[in-house]
Protein chains: 2
Amino acid sequence: MYLTCLDLEGVLTPEMWILTAEQAGIPELRVTTREEPDYDKLMRYRIRIMKEHGLKIQDMQQAIAKADPLPGARKFLDELRTFSQVIIVSDCFEQLARPLIAKLGYPTIFCHELVADGEGTITDYRMRIRKDTKLTTVKAFQQLGFDTVASGDSYNDLDMIRASKAGFLFRTTGQIKKDNPDIPALETYDELLSAIRSAEKQ
Amino acid sequence: MYLTCLDLEGVLTPEMWILTAEQAGIPELRVTTREEPDYDKLMRYRIRIMKEHGLKIQDMQQAIAKADPLPGARKFLDELRTFSQVIIVSDCFEQLARPLIAKLGYPTIFCHELVADGEGTITDYRMRIRKDTKLTTVKAFQQLGFDTVASGDSYNDLDMIRASKAGFLFRTTGQIKKDNPDIPALETYDELLSAIRSAEKQ
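### Things to note about the overall build of chain A
Along the backbone of chain A there are nine helices and seven strands. Along the first, second and third principal axes, the C-alpha atoms of chain A reach 50 × 35 × 30 Å. Taken across its 202 residues, chain A has 56% of its residues classed as buried. For chain A, the proportion of contacts with a sequence separation of at least 24, taken over those separated by at least 6, is 58%. Side chains of chain A give 27 positive and 31 negative charges; the mean places of these two sets differ by 1 Å.

This is the structure in structure tokens:
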């Protein structure tokens, strides 16, 4: 039995903090793990910037709701779901992902959660699992009797890709490709769909 | 973070072996765990009867494809998926569930698998997990950082209901209600939706 684990941002949707940064005109929110590798430090920084600009969780949701999944993502996912179980395994936040998950036809998503007060000011964030989130998640699926096939675009996807029966980088950077020459790096949804289909022999 | 775990047959769809028994006119296939509590014995019996009647996996799929989810099930599930992650945790078989899962809008399903030869004759079955399938599954979700809320109609659902933060019997038998007076027993999708919503405080 196969379960396909897909990253969300960069694979099926745009990056949500970038969307918010652009919609709200706050360039400081464009900072990602590439500039600030300490995730907790990055999140504390984002929460502070949001607060300073009086930006609330509903403002982020509205900014994100104006966006669409990446062109072709919905069609790819619809086709994938006809022959494989699929779970989105993402380091994004449930409340932010919601509008785009709706546009993707409500695939199941395992991600994290923002904590906001009554007015919607973000005060904290809650990781579903503190460390090695994606790796721990695919290992649990394997314990539950699945062979996993995984795909993602970034550093935090490498572990789940390597731990899976088959795995594919999707629209990743030149550096990640160079550092991981053993993982097939794909660029189109057709390539990804056919790679997953062939790994799952359907 | 909440994950709702739902049983499939009896909760969202009709019983699939009963559908096949009726479509194929083979009353022997109506036997369930109520008459034969030894599941392996029951499955061996079903496989033998299927073989004797020359009934193949595609015949079962066609019989099931003619059926629909229970009236109101799709609407219930669509609404549930707007505010909760949902996984169907079922003791049915993936190949048989497929046509009805499509009609339910492709919720993620964790179930078992039939083994068939090249012509479609069922030769064996493969359990995702051999023992305590539903309980093991919700416990793994809890390890992954979720609070689970569970609902089902039968004996094999009791463990996952009791292990969850909240749980509900749905359209169950008088006997199960009588034996489990501490578990709320609901009859309509509106009741179930509102019970889940209130357990997940959305």
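Don't stop here, the text continues.
### Observations regarding the packing of aromatic side chains
Counted by the stated rule, this structure contains 14 aromatic pairs over all chains. Ring centres of Phe146(A) and Phe110(B) lie 4.6 Å apart, and the angle between their planes is 65°; this geometry places the pair in the edge-to-face category. Here Phe110(B) lies in strand β3 (residues 108-116) and Phe146(A) lies in the loop between α6 (133-143) and β5 (147-152), a pairing that spans two chains. This pair shows no difference in class: Phe146(A) is buried, exactly as Phe110(B) is. Grouped by ring-pair contacts, the aromatic residues Phe110(A), Phe141(A), Phe146(A), Phe110(B), Phe141(B) and Phe146(B) constitute a single cluster. The ring of Tyr189(B) is capped by Arg171(B), whose NZ or CZ atom sits 4.8 Å from the centre of that ring.

### Looking at the relation of the copies chain A and chain B
Expressed as a screw transformation, the operator carrying chain A onto chain B has a rotation angle of 180° and an axial translation of 0.0 Å, and the superposed copies differ by an RMSD of 0.0 Å. Both chain copies can therefore be described as sitting about a two-fold axis. A share of 100% of interface residues in chain A that are also interface residues in chain B marks the association as one of identical surfaces.

### Things to note about the layout of surface pockets
Residue and element names in this part refer to chain B. Reported here for the largest pocket is a volume of approximately 1,100 Å³. Together, 40 residues line the largest pocket, and Thr33, Tyr39, Asp91, Ser154 and Asn156 are the ones closest to its centre. If you list the elements that add at least two residues to the lining of the largest pocket, you get α1 (16-24), α2 (39-52), β2 (85-93) and α6 (133-143). Residue composition of the lining of the largest pocket, grouped by class: 15 nonpolar, ten polar and 15 charged.

### Remarks on the nonpolar core
Leu8(A), Leu12(A), Phe76(A), Leu80(A), Leu96(A) and Phe168(A) are the most contacted members of the largest nonpolar core, which has 52 residues in total. Broken down by element, this core gets its largest block of residues, six residues, from helix α9 (residues 189-199) of chain A. If we ignore the near neighbours within four places in the chain, the residues touching Leu8(A) are Thr13(A), Met16(A), Ile88(A), Ser90(A), Cys92(A), Ala97(A), Ile101(A), Leu104(A) and Ile109(A). Counting residues in each nonpolar core, the second largest holds 51 residues, with Leu55(B), Leu114(B), Tyr125(B) and Phe170(B) among its members.

### Looking at the side chain of Ser90(B)
Residue and element names in this part refer to chain B. Inspection of the secondary structure puts serine 90 in strand β2. Within the structure, the side chain of serine 90 is placed 2.9 Å from the backbone nitrogen of cysteine 92, a separation counted as a polar contact. With residues up to four places along the chain from it excluded, the contact list for serine 90 reads Leu8, Glu9, Ile109, Phe110, Cys111, His112 and Lys134.

### Digging into the interface of chain A and chain B
The interface is formed by 29 residues belonging to chain A together with 29 residues belonging to chain B. Taking both sides of the interface into account, the surface hidden between chain A and chain B amounts to around 2,400 Å²; carbon and sulfur atoms contribute 62%. Linking chain A with chain B are zero salt bridges, by the criterion used here. Taken together, the links from chain A to chain B amount to nine residue pairs in polar contact (both at pLDDT 80 or more). Taken together, the residues of the side of chain A that touches chain B break down into 15 nonpolar, eight polar and six charged.

### Quick word on the side chain of Ser84(A)
Residues and elements named next belong to chain A. Looking at the element boundaries, serine 84 is found in the loop between α4 (73-81) and β2 (85-93). Its relative accessible area of 5% is what places serine 84 among the buried residues. A distance of 3.0 Å separates the side chain of serine 84 from the side chain of glutamate 200, its partner in a polar contact.

### Comments concerning the confidence of the model for chain A
Any segment with low pLDDT has predicted coordinates that should not be analysed in fine detail. In the predicted model, chain A carries a mean pLDDT of 94, and 99% of its residues have values of at least 70. If you check the scores for this complex, the pTM reads 0.95 and the ipTM reads 0.93.

### Focus: the sheet that holds strand β6 (residues 166-170) of chain A
Residues and elements named next belong to chain A. Across the sheet, which stays open at both edges, the seven strands sit in the order β4-β3-β2-β1-β5-β6-β7 with mixed pairing between neighbours. Each edge of the open sheet is held by one strand with a lone partner, namely β4 (122-126) and β7 (185-186). Direction of pairing for strand β1 (residues 2-6) relative to β2: parallel, over a ladder of four bridges. By the bridge assignment for β2, cysteine 5 is matched with isoleucine 87.

### Focus on helix α2 (residues 39-52) of chain A
Residue pairs spaced three or four apart in an α-helix point in one direction, given the helix's 3.6 residues per turn. All names here are of chain A. Helix length check: α2, at 14 residues, gives a terminal C-alpha distance of 20 Å against a target of 20 Å (1.5 Å per residue), a fit within 8%. Within α2, burial applies to Leu42, Met43, Arg46, Ile47, Ile49 and Met50. Projected onto a plane normal to the axis of α2, the buried residues spread over an arc of 165° and lie on a single side. Along α2, exposed side chains directed more than 90 degrees from the buried face belong to Lys41, Lys51 and Glu52. On its buried side, α2 packs onto α1 (16-24), α3 (57-65), β2, β3 (108-116) and β4. With a side-chain oxygen lying 3.1 Å from the backbone nitrogen of aspartate 40, the N-terminal cap of α2 falls on aspartate 38.

Scoring rules and cut-offs
Residues numbered from 1 in each chain as written. Chains lettered and ligands numbered in written order. Predicted model: local features only at pLDDT ≥ 70, side-chain atom pairs only at ≥ 80, totals over all residues. Heavy atoms only, no water. Helix = DSSP H or I, 4+ residues; strand = E, 2+ residues; numbered from the N terminus. Buried < 20%, exposed > 50% of the residue type's maximum accessible area, 1.4 Å probe, protein only. Contact = heavy atoms within 4.5 Å. Lys, Arg positive; Asp, Glu negative; His and termini not counted. Charge placed at Lys NZ, Arg CZ, Asp CG, Glu CD. Phe/Tyr/Trp six-rings, centres within 6.5 Å; stacked < 30°, edge-to-face > 60°. Lys NZ or Arg CZ within 6 Å of the ring centre and 35° of its normal. Least-squares fit on C-alpha atoms with pLDDT ≥ 70 in both. 1 Å grid on protein atoms, 1.4 Å probe; cavity = no way out; pocket = protein on both sides within 12 Å on 5 of 7 lines; lining within 4 Å. Points joined across faces, edges and corners; volume = space filled by probe spheres on them. Nonpolar A, V, L, I, M, F, W, Y, C, P; charged D, E, K, R; others polar. Core = buried A, V, L, I, M, F, W, Y, C linked by side-chain atoms within 4.5 Å. Polar contact = N/O pair within 3.5 Å; in protein donor to acceptor, adjacent residues only side chain to side chain. Buried area = accessible area lost by both parts, 1.4 Å probe. Salt bridge = Lys/Arg side-chain N within 4 Å of Asp/Glu carboxyl O. pLDDT = per-residue confidence, 0-100. Pairing = 2+ DSSP bridges. Expected span 1.5 Å × (residues − 1). Arc of directions from axis to C-beta.

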